[in-house]
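Structural features, examined
Okay, here's what each chain looks like letter by letter:
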Amino acid sequence: MKRLTGTLGSLFHSFGSLILYWGVLLTFGLKPAIVATLLFIVAEVIWRMATRRPFPALWWFSNIMALVFGAVDLYADTPFMMRYEATVSNLITAAFFAAGALGEEPLVLRLAMSSKNGHTIPKDRPEIIRFFRAFTLLWAAYFVARAGVFLWIMTAFPLTKALMLRTVISWASLGVMMLISINGRRVLMLCRHFGWFTAPATPARLTPSA
């Protein structure tokens, strides 16, 4: 439960503005979504400054995206981005995760390290780095798949039905990915069962001949 709470908290502080924007937009409309997003960002800034927490790149990325989509919808004659903003934002997020897989510390590893149990992760081991790099690319592939599914839904169905389907699929698929991420240790053990991400063999100690 503590691991779940820590992971959800980390994701909420990273993507909270985007989640809040989409949720309020679909429920109450555009202007309340913009107001709620702005209030959340202000509260988040105050909280981070009061607790002396950093402002990571992922935080800036998600908040800027939420504000950009809100500004586009606000100044458009009609909220035309409502049909395609999820597709665009998922592709941008996928690119961000793909780029985040290339660093010395993959993006998912940095997210995991920010949780309460992050200090237990042996990030100095090469096989762990490879595992988290693959996990980051898995998240990138997930967002690409979401973008494709959302594009098809928003063009194949009337707007009201499309938004409902998009919401259900969005939260259900995100729940599955979260469940996989929370059980990362079990996923690593399963991968090692198939010979992936195994620790390098320790050289046998030489014993002096008699």
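First, a word on scope: everything that follows refers to the structure included in this document. (Residues numbered from 1 in each chain as written. Predicted model: local features only at pLDDT ≥ 70, side-chain atom pairs only at ≥ 80, totals over all residues. Heavy atoms only, no water.)

1. Some details on the overall build of the protein chain
Spelled out, the test is: Starting at the N terminus, helices and strands are each numbered in turn, a helix being any DSSP run of H or I of at least four residues and a strand any DSSP run of E of at least two. Think of it in three bands: with a 1.4 Å probe and only protein chains considered, a residue is buried below 20% of the maximum accessible area for its type, exposed above 50%, and partly exposed in between. Note on definitions: a residue-residue contact is assigned when non-hydrogen atoms from the two residues lie within 4.5 Å. Note that accessible areas follow from Shrake-Rupley with a 1.4 Å probe, and for residues the cover is restricted to the protein chains shown.
In terms of regular secondary structure, the protein chain is built from eight helices and zero strands. Element order for the protein chain, N to C, with α for helix and β for strand: α-α-α-α-α-α-α-α. Counting across all 210 residues of the protein chain, residues that qualify as buried make up 39%. The long-range share in the protein chain, meaning contacts at least 24 apart out of those at least 6 apart in sequence, stands at 68%. As displayed, the protein chain offers around 12600 Å² of accessible surface, 72% of which is attributable to carbon and sulfur atoms.

2. Observations concerning the nonpolar core
The test is simple: For our purposes a nonpolar core is just a set of buried Ala, Val, Leu, Ile, Met, Phe, Trp, Tyr and Cys residues, chained together by side-chain atoms within 4.5 Å.
Core analysis: the largest hydrophobic core is formed by 37 residues, its most contacted members being Tyr-21, Phe-97, Phe-131, Phe-132 and Trp-139. Listed by contribution, the elements that provide at least two residues to this core are α1 (2-28), α2 (30-50), α3 (57-75), α4 (81-100), α5 (107-113), α6 (126-156), α7 (159-182) and α8 (184-193). With nine residues, the single largest contributor to this core is α6. The residues contacting Phe-131, other than those within four sequence positions of it, are Gly-184, Val-187, Leu-188, Cys-191 and Phe-197.

3. Section: a nonpolar patch on the surface
Under the convention used in this document: Distance thresholds for patches are 9 Å for like charges and 5 Å for nonpolar side chains (Val, Leu, Ile, Met, Phe, Trp, Tyr), applied to residues having over 30% relative accessible area and no salt bridge. By definition, a salt bridge exists where a carboxyl oxygen of Asp or Glu is found within 4 Å of a side-chain nitrogen of Lys or Arg.
On the surface, Trp-60, Ile-64, Val-68 and Val-72 cluster together into a nonpolar patch covering about 360 Å² of accessible area. For Trp-60, the position within the fold is in helix α3.

4. Thoughts on the pattern of salt bridges
Within this structure, the stated rule accounts for three salt bridges. Note that Glu-44 and Arg-48 form a salt bridge whose closest N and O atoms lie 2.9 Å from each other. One end of the pair, Glu-44, and the other, Arg-48, are both in helix α2, four residues apart, so they sit about a helical turn from each other. Pair check on accessibility: Glu-44 and Arg-48 agree, each one buried.

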